[in-house]
Protein chains: 2
Amino acid sequence: MQTDELRINDALRAKETLIFSANCSIAYNGRAQSYLGFGDRLIMIKQDGTLLVHTPFGASPVNYMKGGATHRLKNVGGHLVITSRSSAQKEFMEITIRRIHFIESLTLLDQEKLLLAGTEKDMSDMIFENPSLISPGFRPLSREEHTKFGFIDVFGYDRDGDLVVVECKRDKADFAAVSQLERYVHRIKKAKGLSKVQGVIAAPTISANAETMLREKGYAFKRVEPPRFLEQYGKSQSRLGDF
Amino acid sequence: MQTDELRINDALRAKETLIFSANCSIAYNGRAQSYLGFGDRLIMIKQDGTLLVHTPFGASPVNYMKGGATHRLKNVGGHLVITSRSSAQKEFMEITIRRIHFIESLTLLDQEKLLLAGTEKDMSDMIFENPSLISPGFRPLSREEHTKFGFIDVFGYDRDGDLVVVECKRDKADFAAVSQLERYVHRIKKAKGLSKVQGVIAAPTISANAETMLREKGYAFKRVEPPRFLEQYGKSQSRLGDF
DNA sequence: GGGGAGAGATGCCGC
DNA sequence: GCGGCATTTCTCCCC
């Protein structure tokens, strides 16, 4: 126990990455409030102050504190208790520990950034380069435009000279996508004083209900798959260098 | 090295929770594609097959596989390589390991469920119990109603007998909240053949732009804080038992 | 720091 | 399974 206490304190002081497993209970108060009774969990405190509590199942942490939090270890009547505070968001967490299964700590060095392909931005780039994916004669003017009209994926003129707003979704488009498109179309109409602006959702699929709503409002759906730059990877691992 | 290989293989076979730190690179192909160059990371494989890769900074994993994935360890020319597959989503991940810093594995027992207060549902319950939070004379009919019209937080009649749709947000309301409210109001109007249905956003705050859009569409904003059942907790830790 | 929107979002619940 | 939506969403980017 004494050793555990020293080990955790040393890691926190040195701002190492600390990972341990413990039977513990957790109370949180901040943006919401939560309590979790005693059970075995993995707890990770990163070098930036991020704290994650993971149960043995599921992808998401059951409790967490964002980076910048400060952590303190106390010994309360023989039990170790970790308190974490984030002044930024007025958050507070308390981990009451019954038993520790293991403790590890070390400093991790990682300078790399994730390369990611197949995002919505990759879709809008692809459409900009291949406008016929939307319609014959489509002439894009801009992509990923952050203007006062909003953040519009692709925006241009169709064959008839009408303005077209294209909203891309990398997955199935839903009600929210239709609402978003409508919001952009209305803003463009108002800003440019136009009565006729086309709206297109470009996505691999669209839910039936969303498509009904889309048609009712006079917009169109165009099936477009997000580009898969590494399609060949699964077949040939030697192509990793292509990235 | 031989020991590391055995240790990881034993843990995977036994479906223990496995956590190790390694200098590694990561390739992913599935819903998208990604590549991450060599760096020090924490890797966690849970009892349900969830795999998480964490860098030393940030709350979110840089790479992951959802529960149900299967993991295999290979020795490729002296380097350990973990391959993970999820047949459900046709996903594939490959972790190439240069050096392992530590390995731990164990079986975690956790039966507890998180108790959480201060959610949007708590807000709609509170409004249902205290209708005057919306307006004097408001009479709620239902809460959290999952109908074919959609998922409506609170819905009832105002003092004048008009139908009212209330959309709650636990944080600042934004454009999306206004669009959502509008969608519900339109659907109710259509379904009931009404020309006049009120719409209210109940939230602690609303962004200035969203409020402008809200007013333009004839809806109202009502300031409501999500209920904080554990308000007292931060002041008096002895009250933990109240939960 | 706020606003706006994407995410390999995840997770929950209802049909 | 899909659909619809909340999330202590997190993260990024722009103003």
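Now for a look at the structure at hand.

## Regarding the interface of chain A and chain B
- Tallying the contact residues gives 69 residues for chain A and 69 residues for chain B.
- Of the roughly 5900 Å² buried between chain A and chain B on both sides combined, carbon and sulfur atoms contribute 57%.
- Looking at the side of chain A facing chain B, the largest losses of area belong to Gln33, Tyr35 and Pro56 of chain A, adding up to 11% of the total buried there.
- Where chain A meets chain B, there are four salt bridges.
- Note that Arg41 of chain A is salt-bridged to Asp110 of chain B, the shortest N-O span being 2.8 Å.
- The interface formed by chain A and chain B holds 28 residue pairs in polar contact (both at pLDDT 80 or more) in total.
- Going through the elements one at a time, strand 1 (17-29), strand 2 (33-45), strand 3 (51-54), strand 7 (91-106), strand 8 (115-117), helix 3 (175-192) and helix 4 (208-216) of chain A are the ones with two or more residues in the side of chain A that touches chain B.
- The element that contributes the greatest number of residues to the side of chain A that touches chain B is strand 2 of chain A, accounting for eleven residues.
- For the side of chain A that touches chain B, the per-class residue count stands at 31 nonpolar, 21 polar and 17 charged.
- By the bridge criterion, three bridges tie strand 2 of chain A to strand 8 (residues 115-117) of chain B in an arrangement that is antiparallel. What sits directly across from Tyr35 of chain A, in strand 8 of chain B, is Leu115 of chain B.

## A few points about the protein's contact with DNA strand D
- Near DNA strand D there are 29 residues, and of these Tyr64 and Asn209 of chain A together with Ala59, Arg170 and Tyr184 of chain B occur at the shortest range.
- Sugar and phosphate atoms form 85% of the subset of DNA strand D atoms that lie within 4 Å of the protein.
- Taking Glu91 of chain A, its side chain carries an N or O atom lying 2.9 Å from a base oxygen of DNA strand D.
- A distance of 3.1 Å is found between a phosphate oxygen of DNA strand D and a side-chain nitrogen or oxygen belonging to Lys172 of chain A.
- Put simply, the parts of the chain that give the surface near DNA strand D at least two residues each are strand 4 (63-65) and strand 7 of chain A together with helix 3 (175-192) of chain B.
- Element by element, the count of residues in the surface near DNA strand D is highest for helix 3 of chain B, at three residues.
- Looking at the surface near DNA strand D residue by residue, the classes come out as eleven nonpolar, eight polar and ten charged.

## Thoughts on the relation of the copies chain A and chain B
- With an RMSD of 0.1 Å, the fit of chain A onto chain B corresponds to turning through 180° and sliding 0.0 Å along the axis. These values place the two chain copies in the arrangement generated by a two-fold rotation axis. Within chain A, the C-alpha atom positioned nearest to the axis of rotation is that of Ser179 of chain A, 3.0 Å from it.
- Same-surface contact between copies: 100% of interface residues of chain A are shared with the interface of chain B.

## Concerning the protein's contact with DNA strand C
- Close contacts around DNA strand C come from 29 residues, with Arg170 and Tyr184 of chain A together with Tyr64, Lys172 and Asn209 of chain B the closest.
- If you look at DNA strand C and keep only atoms within 4 Å of the protein, 82% of those are sugar or phosphate atoms.
- At 2.9 Å from a phosphate oxygen of DNA strand C is found a side-chain nitrogen or oxygen belonging to Asp171 of chain A.
- In this structure, a base oxygen belonging to DNA strand C sits 2.8 Å away from a side-chain N or O atom of Asn63 of chain B.
- When residues of the surface near DNA strand C are traced back to their parent elements, those giving at least two are helix 3 of chain A together with strand 4 (63-65) and strand 7 (91-106) of chain B.
- No other element matches helix 3 of chain A, which puts four residues into the surface near DNA strand C.
- Of the residues assigned to the surface near DNA strand C, the class counts are ten nonpolar, eight polar and eleven charged.

Reading the values: rules and limits
Residues numbered from 1 in each chain as written. Chains lettered and ligands numbered in written order. Predicted model: local features only at pLDDT ≥ 70, side-chain atom pairs only at ≥ 80, totals over all residues. Heavy atoms only, no water. Contact = heavy atoms within 4.5 Å. Buried area = accessible area lost by both parts, 1.4 Å probe. Salt bridge = Lys/Arg side-chain N within 4 Å of Asp/Glu carboxyl O. Polar contact = N/O pair within 3.5 Å; in protein donor to acceptor, adjacent residues only side chain to side chain. Helix = DSSP H or I, 4+ residues; strand = E, 2+ residues; numbered from the N terminus. Nonpolar A, V, L, I, M, F, W, Y, C, P; charged D, E, K, R; others polar. Pairing = 2+ DSSP bridges. Near = heavy atom within 4 Å. Least-squares fit on C-alpha atoms with pLDDT ≥ 70 in both.

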